[in-house]
Amino acid sequence: MEANRLREISTSLIRKMFEIVEKAKKEGKDVVSLTIGEPDFPTPIEVVEKAIEAIKAGYTHYTSNLGIEELRTAIAESYGVSKENVMVTAGGSEALMNASLAFIEEGSKVLIPSPSFLSYFTYSKICRAKALEVKTHGTGFVPDLDLFSELMSREVSVVFLNYPNNPTGVVADAKTLRGIAEIAMDYGSIVISDEIYDKIYYDKKPTTLVDYENVVVVNGFSKSLAMTGWRIGYVVAREDLLNSMLKVHQVNGVCAPAFAQKAVAEVMFNREFEGIVSRIVAEFRKRRDYIYGELSKLYWTVKPEGAFYMFMDVQENCVDFAEKMINRGVAVTPGIAFGSGNESFIRISYANSLENLKKAVERIKAYHESKTT
Ligand code: PLP
């Protein structure tokens with residue numbers, strides 16, 4: 001019998017959409033998938049070559065639970081903190097799970113902006129807490145500080161933040177984010193700041209909340225180095241908070257893959273990281289400009305300033321829209337996968353070639369015209 005804590009959890013709608021697309025493709029349909037949550041580029045050759053060297057050099061066993069020294073040091077330097085504040089994890093997801101199990105108290109409340117990455121709701125359910133959504137639709141997908149203060153109480157154990165944001169691409173301003181961290185501190189709550197898209201931005205630089213005592217920064221290399229399958233994430237936090245998360249990590253991820261840790265450490269030390277990221281961001285910027293330029297003429301949206309997503313109001317039920325669009329050769333993710341209030345929204349991932357994006361835009365335009373004429 002399935003445990004009670006899993007009762008309200010369904011397997012992700014995003015995965016279901018992925019399966020529908022795969023099925024359509026197998027049936028020979030030409031479907032452009034805009035559902036993908038990862039860069040479409042191959043992992044950069046610099047990382048691949050260093051990983052092969054690392055495997056040959058014997059980086060094929062357990063490492064320390066906390067991660068190899070070189071990688072912890074490289075990450076610590078990039079934040080201006082000590083390596084004692086860094087723990088490497090098996091991807092950002094493991095870091096989020098460790099932080100959730102460490103800090104979400106059973107029966108407490110968890111504040112999650114809506115729309116947000118679906119997993120935050122899942123972590124909250126697994127920890128048997130009550131998710132409270134902070135709706136951001138009326139404020140350009142940035143949480144309103146007054147609304148946030150109203151919802152805040154001593155019962156809130158954890159607040160999730162994620163800017164640049166999945167699914168909106170919004171980069172929240174420093175004043176709001178710092179305001180949230182400070183209010184949370186007054187109430188004794190932990191903020192889990194998921195900064196996994198922090199290197200992928202086009203306009204203003206994202207803010208890190210690393211300097212707050214009550215903040216656990218979650219990050220990783222899945223997105224910035226196009227290496228989702230390698231499972232390298234990390235947390236940066238106060239040492240005592242790190243120790244609490246280590247209690248979970250030692251039985252959860254145990255350690256991230258050794259050769260992948262070594263490859264990332266080398267890339268960071270050789271100062272190759274910035275160059276790789278700027279190549280990736282330059283490509284995403286072209287696509288962002290194209291997709292926003294075309295689709296914002298048809299539907300309401302907020303200009304994405306980071307990550308590789310756009311969230312659009314299609315003014316009809318999002319699941320109906322997604323189903324109709326699959327038949328017209330475009331797969332998108334329905335907004336209901338990102339919390340409530342998103343029933344008429346869809347997420348577009350532009351982690352796809354410009355050629356495919358052009359095809360998708362033509363198909364969406366044709367559908368839009370068929371509805372308006
Ligand atoms: N956080 C956000 C907001 C994400 O969108 C994702 C992946 O889609 C993750 C975390 C998980 O990343 P990882 O592949 O490193 O587990």
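Residues numbered from 1 in each chain as written. Predicted model: local features only at pLDDT ≥ 70, side-chain atom pairs only at ≥ 80, totals over all residues. Heavy atoms only, no water.

1. So, the domain arrangement of the chain
No. 1: When the domains of the chain are assigned, the result is domain 1 (4–42 + 274–372) and domain 2 (61–270).
No. 2: In this structure, domain 1 and domain 2 have C-alpha centres spaced 24 Å apart.
No. 3: Facing the 37 residues of domain 1 at the interface are 36 residues of domain 2.
No. 4: Interface area, domain 1 with domain 2, both sides summed: about 3,100 Å², of which 61% is carbon and sulfur.
No. 5: Note that Lys204 is salt-bridged to Glu305, the shortest N-O span being 3.0 Å.
No. 6: Our count for the domain 1 to domain 2 interface comes out at 20 residue pairs in polar contact (both at pLDDT 80 or more).
No. 7: Among the secondary structure elements, those contributing two or more residues to the side of domain 1 that touches domain 2 are helix H10 (273–295), strand S10 (309–313) and strand S13 (345–349).
No. 8: No other element matches H10, which puts seven residues into the side of domain 1 that touches domain 2.
No. 9: Broken down by class, the residue content of the side of domain 1 that touches domain 2 amounts to 22 nonpolar, eight polar and seven charged. (Domains from an automatic or database assignment. Contact = heavy atoms within 4.5 Å. Buried area = accessible area lost by both parts, 1.4 Å probe. Salt bridge = Lys/Arg side-chain N within 4 Å of Asp/Glu carboxyl O. Polar contact = N/O pair within 3.5 Å; in protein donor to acceptor, adjacent residues only side chain to side chain. Helix = DSSP H or I, 4+ residues; strand = E, 2+ residues; numbered from the N terminus. Nonpolar A, V, L, I, M, F, W, Y, C, P; charged D, E, K, R; others polar.)

2. Structural notes on the packing of helix H2 (residues 45–56) against helix H9 (residues 258–269)
No. 1: Contact geometry for H2 and H9: axes closest at 8 Å, N-to-C directions at 130°. With respect to H9, the axis of H2 lies oblique. Considering how the two elements wind past one another, H2 and H9 form a crossing that is right-handed. Mapping the contact onto sequence places Glu46, Val47, Lys50, Ala51, Ala54 and Ile55 in H2 and Phe259, Lys262, Ala263, Glu266 and Val267 in H9.
No. 2: In terms of residue class, the contact of H2 with H9 is made up of seven nonpolar, no polar and four charged. (Axes fitted to C-alpha atoms, helices over the stretch in contact; angles between N-to-C directions. Parallel < 35°, antiparallel > 145°, perpendicular 65-115°, else oblique. Left-handed = near helix turned anticlockwise from the far one by under 90°.)

3. As for the packing of aromatic side chains
No. 1: Applying the stated criterion across every chain yields a total of 21 aromatic pairs.
No. 2: Ring plane angle 85° and centroid distance 5.6 Å describe the contact between Tyr197 and Tyr309, whose orientation is recorded as edge-to-face. In this pair, Tyr197 is assigned in the loop between strand S6 (190–194) and strand S7 (215–220) and Tyr309 in strand S10, connecting sequence segments 112 residues apart. Here the two residues Tyr197 and Tyr309 agree in accessibility, since each one is buried.
No. 3: Ring geometry for Trp300 versus Phe345: centroids 6.2 Å apart, planes at 80°, classification edge-to-face. One end of the pair, Trp300, is in strand S9 (residues 300–301); the other, Phe345, is in strand S13, and 45 residues separate them in sequence.
No. 4: With a relative accessible area of 6%, Phe345 lands in the buried category.
No. 5: Taken together, the ring pairs in this structure connect Phe41, Tyr197, Phe284, Phe308, Tyr309 and Tyr350 into an aromatic cluster.
No. 6: Stacked on the ring of Tyr290, the Lys or Arg Lys358 has its end atom at 5.8 Å from the ring centre. (Phe/Tyr/Trp six-rings, centres within 6.5 Å; stacked < 30°, edge-to-face > 60°. Buried < 20%, exposed > 50% of the residue type's maximum accessible area, 1.4 Å probe, protein only. Lys NZ or Arg CZ within 6 Å of the ring centre and 35° of its normal.)

4. Details of the nonpolar core
In summary, soluble globular proteins display a tendency toward joint burial of nonpolar side chains.
No. 1: Core analysis: the biggest nonpolar cluster contains 97 residues, and Leu71, Ile75, Val159, Phe221 and Ile348 have the highest contact counts within it.
No. 2: Ranked by the residues each element gives to this core, the list is headed by H10, at nine residues.
No. 3: Not counting the four nearest positions on each side in its chain, Ile348 is found in contact with Leu34, Ile291, Leu295, Phe308, Tyr309, Met310, Met312, Val332 and Ile364.
No. 4: Among the nonpolar cores identified, the runner-up in size contains 26 residues, and Val158, Phe160, Leu241 and Leu246 belong to it. (Core = buried A, V, L, I, M, F, W, Y, C linked by side-chain atoms within 4.5 Å.)

5. Side note on the pairing of strand S2 (residues 86–89)
No. 1: Alternating residues of S2 divide into Val86 and Val88 and Met87 and Thr89, and every residue in both groups is buried.
No. 2: Alignment of S2 against strand S8 (residues 233–236), held across four bridges, turns out to be antiparallel. Its bridge partner lying in S8, Val88 is registered against Tyr234. (Pairing = 2+ DSSP bridges.)

6. Focus: the site of the ligand
No. 1: Around the ligand, 14 residues are found, and the nearest of them are Ser93, Asp194, Tyr197, Ser222 and Lys223.
No. 2: A distance of 2.7 Å separates an oxygen atom of the ligand from a polar backbone atom of Gly92.
No. 3: No other element matches the four residues that helix H4 (residues 91–103) contributes to the shell around the ligand.
No. 4: Residue classes in the shell around the ligand are distributed as five nonpolar, six polar and three charged. (Near = heavy atom within 4 Å.)

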